[in-house]
Structures are given as structure tokens and as C-alpha cells.
Amino acid sequence: MIPSARIRRKGDPSIAMINVIFIMLIFFLIAGTVAPPLDTNLELVDTSSLEGREPPDALVLRADGSLRFRGDPTDAETFMSTYADGPVRIVPDRNASGTRLIEVSSRLRALGAGSVVLVTSRALE
């Protein structure tokens, strides 16, 4: 009598694919939480060429025209009297009024800012 051939089971290839997808998921979860956004309601202005400096101490101009520094409400006078050191960086909301931006920039220059730099999305990339 001829012995019957043993049926050999192959491993399930979907387990390897699940492991790869899980590792990618963990990577993207970690990579996505490295740098939190400046402000949750902020839409940055797009420009084609700017210096690539990060805004360590930037003044934020919100869409409603209010100014914030490090998350706290402020105005140009308070900012210049307490925090101004070197060039003043302004991060304007995309929906902020251009007139208000010019008004704030002019006020900062009048209060003694040597230069006023606008920070946009290209500068933050």
C-alpha cells in the first residue's frame, strides 16, 4: 500500500501584513504628535519666499484682530514694554484684516521695534 502524503499547512500571510500595518500606524501616531500647532483656530498666510526661521516668540494676530503672545491676550504697548527683544515676529491668521495687520506693524515700529517680520506657512515648513 502506498502511504498517503501528509498535507502540509502553509502559514497565513495576512498575519505579516497586519504586523506591518500596525507598526506603520504606531509610527504615524508618534510622528504626528511631535510638533503641536501654534493655535487651533489659526490659518497661516501662504507666500512664495521667506526666511526659514521658526517663530520662538511670535505675536499672533487672530482673525478678529486681537493680539496674543504665548497664548495670552496682549496689545502692542504691553508686548513692546515686556517681551520685545530683537526683530518682532507676527504670525497673522489668514482671515485677519490687512488693514489691521498694517496698523499693528506700524504701531510696533512706532514703539521701537527695529524690524517686523511676518511669519507664514512656508516659513514654518
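Since this is a predicted model, take the numbers as computed values, not measurements.

Enquirer: It is not clear to me how the packing of aromatic side chains should be interpreted in this structure. Could you clarify?
Expert: Any pair of aromatic rings gets described here by the distance separating the centres and the angle formed by the planes. Counted under the stated rule, the structure contains two aromatic pairs. A centroid spacing of 5.1 Å and a plane angle of 70° characterise the contact between Phe-27 and Phe-28, whose relative ring orientation is edge-to-face. This pair shows no difference in class: Phe-27 is exposed, exactly as Phe-28 is. Seen in terms of ring centroids, Phe-69 and Phe-79 are 5.0 Å apart; in terms of plane orientation they differ by 70°. Their pairing is edge-to-face. Taken as a pair, Phe-69 in strand β2 (residues 67-69) and Phe-79 in helix α2 (residues 76-82) lie far apart in primary sequence, ten residues in all. Taken individually, Phe-69 and Phe-79 each receive the classification buried, so the pair is uniform in this respect.

Enquirer: Is there a simple way to explain the sheet that holds strand β1 (residues 58-61) in this structure?
Expert: The strands making up a sheet are joined through hydrogen bonds of the backbone, oriented either antiparallel or parallel. If you trace the five strands from one edge of the open sheet to the other, you get β3-β2-β1-β4-β5, paired in mixed fashion. For this open sheet the edge positions go to β3 (72-74) and β5 (116-118), each flanked by a neighbour on one side alone. Averaged over all adjacent pairs, the angle separating strand axes in this sheet is 35°, with direction ignored. Pairing between β1 and β2: three bridges, direction antiparallel. In the sheet register, Val-60 faces β2, and the bridge partner there is Arg-68. In the packing of helix α3 (residues 98-110) onto the sheet, contacts are made with β1, β2, β4 (88-92) and β5, and the angle to β4 comes to roughly 170°.

What counts, and at which threshold
Residues numbered from 1 in each chain as written. Predicted model: local features only at pLDDT ≥ 70, side-chain atom pairs only at ≥ 80, totals over all residues. Heavy atoms only, no water. Phe/Tyr/Trp six-rings, centres within 6.5 Å; stacked < 30°, edge-to-face > 60°. Buried < 20%, exposed > 50% of the residue type's maximum accessible area, 1.4 Å probe, protein only. Helix = DSSP H or I, 4+ residues; strand = E, 2+ residues; numbered from the N terminus. Pairing = 2+ DSSP bridges. Axes fitted to C-alpha atoms, helices over the stretch in contact; angles between N-to-C directions. Contact = heavy atoms within 4.5 Å.

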